[in-house]
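Structure assessment
So you can see what is in the structure, the chains are spelled out below.
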Amino acid sequence: MVKTKMQKSFAIGLTAVMALSLAACGNSNNNTNEGAATNAPKSTDSGNAATATTDSGKKVTLTFQNIYPDPATPAYKMIHELTDQYMKEHPNVKIELDTLNTDQQKVKLKTQAASKEVPDITIVNPAAQMKPFVDAGLFAPLNDMLDQNGLKDTYQEGLLDYYSFDNNVYALPDGNNIEVVYYNKELFDQAGIKNTPTTFEELLQDVKILKDKGITPMAIGEKDSWTGSFLFMNILLRTNGGPGFLQDVLDGKKTFEDPAFIEAVDAFQQLVQAGAFPDGATSIDANAGGNIFKTGKAAMWSIGSWETGAIDASSVAGKVGAFQFPTVNGKGDPNEFMLAPGSAFAVSANSEHLQETKDFLNFFASEYPKKQFELKNAVGIGQKVDGDLKAAGYSDLAVNIAGLFNQVKGGDLAFDNTMNPATAQVHLSSIQNLFVQKVDSAAVAKEHQTAYEANKE
Amino acid sequence: MKVLKVPARTIAVFVLPCLLLYVCLVFVPIVVSVYTGLLKWDGLTASTFIGLGNFKDMFFNDPVFWPSVRRTLLYAVASMIEIPLCLFMAILLNRYLKKGNTLVSIYFTPVILSVVIIGQLWKTVYNPTSMGGMLNGVLVSLGLDSWTHNWLTEPKIAMFALYFVSLWQYFGYHLLIQYTGVQNIPDELYEAAKIDGADGFKADRYITLPLIVPIFKISIVLAFIGSLQAFDLVMVMTGGGPAHATDVISTHMYTSSFGSFKYGYGSAIATFLVVVCLVFTGFINTIFNRIERKFN
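None of the values given here were measured: they were computed from a predicted structure.

**Observations concerning the overall build of chain A**
When helices and strands are counted, chain A shows 17 helices and 13 strands. Counting all 457 residues of chain A, 58% fall into the buried class. Intrachain contacts of chain A at a sequence separation of at least 6 include 77% that bridge at least 24 residues.

This is how it looks when you write it as structure tokens:
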């Protein structure tokens, strides 16, 4: 037994080296903001932060892995201000931020998890994506910490369910978003489009009008294949006449070869064929894809409402509105959305300082909504916020999005939050393929079904 | 060795630390990953032993596997074809330039750049016309609009676009190796040959080629193994996409292990890669031994 364990850790070590050297490539551009992003092991002190050392309390260093690398975003300011404040109030606690891009963080966490070396606090995605980690016993239940000062009640009803397994909550979400279509009013005016589309046919028409005017209709960065999937799933949510398609597949009530799925693939192909997306979309990464919209080069962007704050901070601020994804072939309800319960903070079960970590996370999560509100980034957070957005000087777009939240009548989670990773992987590249060639929709359905059956547990 | 009278035991003692390190860092992981290849394991929870199940899946049920092997081998062949060209250039440089070193250094520049930078650079070169891609821009300005492509996103072309970048990057590397090899051939040999009436390319045929064979072999092996392991460039430029169209063995292994959480399966692919590397290195060595013997 001991032997196999050792062998495993060797194998992991090897792959870790590979993965980390990869992560290191991308790292170089984030870590230039000194002291802000410290790679966990190397630095003892990253500079500006902790000053007092002579506290009687036990000296503790906590590692906080996070995905807020961009100094231009409110989220970056939020995490730095909150950790600095905590360290000032608790001189014996030092918090090291391990800051990475989303994709890098996913890989790093998986390698760390394989050797049971999860950072004290890390980031995971809800439901199916965090299940393997929970099954492996890597995360500590947070129930006691949530109950201790009413933190639990600050979260929106039902939100924590996405992070709960066997009645234990294992992570605290940083948001609760929906998928909307942002659009650039100026470009719509230029193309002479008066109303936002409410049906898929209108959407296709608008795409053609914009295209003829030489405007890229929809921004996307499909090198990171989740972006296309997120849009596709919104179409499926409509053609299925409501939420629950993937759940029905999981329950054995439907298969991927269901007409609703095939119809969604066809509709998606129409969008691609109409030239909705930028040339070479599959080689553009998600950030660059977003920038096409944020620099005013594309008219629409179908993405999670988490981008609201970033759009307001970009050069198209003030020119942007948002609408619900239209109905497809007369099916679906615009008030049903793709739901995106956010990335979430989880605590390592093997943390050397479990209590201190929980105490810090309790502080962090309690202060989180206030701080986000202050930084004008409170749209789409998963906790209740006091205060009126409009009065606090939020943009019309933010108020508009906040209004859409009130209309949510339910919806679906993203594909990779519902299905196991192996099936999700097949799905993602299958959708990516639709961007580059015309495929028989029945074949796409079959590919999904085969992958699902092969990877069923 | 005999001259120095060092007992074998002493040699063993001095070799040992390095050998141990090598065994720990190279052999043990290989053995372990062969073993992991026999498991159904997600890398997190308990594993089950499934014997050759992963290999069966890999060879018979995985639609991505064989195409990625084919692309990898093509990669290897392409980079080997480059080497005679490097040798030819090296001979020309050596013959016609007094100070070829500067030029060789310039050719060498791409090698010292990080692959990530190369990848980003060529991504912008390959960009579609609408995003100001340089290659397409040049084609358009030459009136060759119909030749423009989305180089990195058309499944049939993307892989060749990647091959080209890789060849471009390593051209200087192999040129340097060959150039050094050619320079090390003593001038007397050429002078003697000249007296015997062999000059120019004739001298190359009978002197340069036979003497350069060992160096040539090094380049071939390096190019071959290097391209079998190609990973970073593909990852940076296309990530294996669109829809696996540019997946090579190593990127497929990576997405299987880390994307699909199929750690055991990823290890099985790694095992396959190791075997292919070993077999082909052996193969190349045998061929070159024959060639060397022939020349002698």
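**Some details on helix H8 (residues 226-239) of chain A**
Residues and elements named next belong to chain A. A rise of 1.5 Å per residue sets the reference length of H8, with its 14 residues, at 20 Å; its end C-alpha atoms lie 20 Å apart and thus fit the reference within 8%. Of all 14 residues in H8, 13 are buried; the element is thus mostly enclosed. Among the residues trailing H8, Gly241 stands out with phi positive, at a value near 70°.

**Describing the interface of chain A and chain B**
Contacts between the two partners involve 38 residues from chain A and, on the opposite side, 38 residues from chain B. Summing the contributions of chain A and of chain B, the shared interface buries around 3300 Å²; its carbon and sulfur component is 70%. For the pair chain A and chain B, the number of links is seven residue pairs in polar contact (both at pLDDT 80 or more). When residues of the side of chain A that touches chain B are traced back to their parent elements, those giving at least two are helix H1 (2-27), helix H3 (102-114), helix H4 (131-135) and helix H16 (421-436) of chain A. Counting residues per element, the side of chain A that touches chain B draws most heavily on H1 of chain A, at 12 residues.

**Remarks on the confidence of the model for chain B**
In the predicted model, chain B carries a mean pLDDT of 87, and 98% of its residues have values of at least 70. Our summary of model confidence lists the complex with pTM equal to 0.79 and ipTM equal to 0.78.

**Side note on the packing of aromatic side chains**
Scanning the model with the defined rule gives 52 aromatic pairs over all chains in all. Look at Phe268 of chain A and Phe435 of chain A: their rings are 5.5 Å apart centre to centre, the planes differ by 75°, and that puts the pair in the edge-to-face class. Taken together, the residues Phe268 of chain A in helix H10 (residues 259-273) and Phe435 of chain A in helix H16 connect sequence positions 167 residues apart. The class of Phe268 of chain A is buried, set by a relative accessible area of 0%. Pairing Trp122 of chain B with Phe164 of chain B gives two aromatic rings, centres 5.6 Å apart and planes at 70°, and the pair type is edge-to-face. In this pair, Trp122 of chain B is assigned in helix H5 (residues 115-126) and Phe164 of chain B in helix H7 (residues 155-183), connecting sequence segments 42 residues apart.

**Considering the environment of Ile79 of chain A**
All names here are of chain A. Its location among the elements puts Ile79 in helix H2 (residues 74-89). Taking the C-alpha atoms as reference points, Ile79 and Ile95, 16 residues apart in sequence, are found 11 Å from one another. Setting aside chain neighbours within four positions, we find Ile79 in contact with Phe64, Asn66, Tyr68, Leu97 and Phe364.

**So, the side chain of Thr99 of chain A**
Residues and elements named next belong to chain A. On the secondary structure map, Thr99 appears in strand E2 (residues 93-99). We classify Thr99 as buried; its relative accessible area is 4%. A polar side-chain atom of Thr99 sits 3.3 Å from a polar atom in the side chain of Asn66.

**Some points on the pattern of salt bridges**
Residue and element names in this part refer to chain A. For the coordinates displayed, the defined rule picks out 14 salt bridges over all chains. Taking the shortest distance from any N to any O, the salt bridge between Lys253 and Asp248 comes out at 4.0 Å. Residue classification places Lys253 among the exposed residues on the basis of a relative accessible area of 63%. Under the relative-accessibility criterion, Asp248 is labelled buried at 18%. Its salt-bridge partner being Glu367, residue Lys370 comes within 3.6 Å of it at the nearest N-O pair. Of the two residues, Lys370 and Glu367 are both situated in helix H13 (residues 354-374); the distance of three residues between them amounts to about one turn of the helix. We classify Lys370 as exposed; its relative accessible area is 54%. Relative accessible area serves as the criterion here: at 21%, Glu367 is assigned to the partly exposed category. What emerges from the salt-bridge pattern is a single network uniting Glu81, Lys371 and Glu374.

The rules behind each value
Residues numbered from 1 in each chain as written. Chains lettered and ligands numbered in written order. Predicted model: local features only at pLDDT ≥ 70, side-chain atom pairs only at ≥ 80, totals over all residues. Heavy atoms only, no water. Helix = DSSP H or I, 4+ residues; strand = E, 2+ residues; numbered from the N terminus. Buried < 20%, exposed > 50% of the residue type's maximum accessible area, 1.4 Å probe, protein only. Contact = heavy atoms within 4.5 Å. Expected span 1.5 Å × (residues − 1). Buried area = accessible area lost by both parts, 1.4 Å probe. Polar contact = N/O pair within 3.5 Å; in protein donor to acceptor, adjacent residues only side chain to side chain. pLDDT = per-residue confidence, 0-100. Phe/Tyr/Trp six-rings, centres within 6.5 Å; stacked < 30°, edge-to-face > 60°. Salt bridge = Lys/Arg side-chain N within 4 Å of Asp/Glu carboxyl O.

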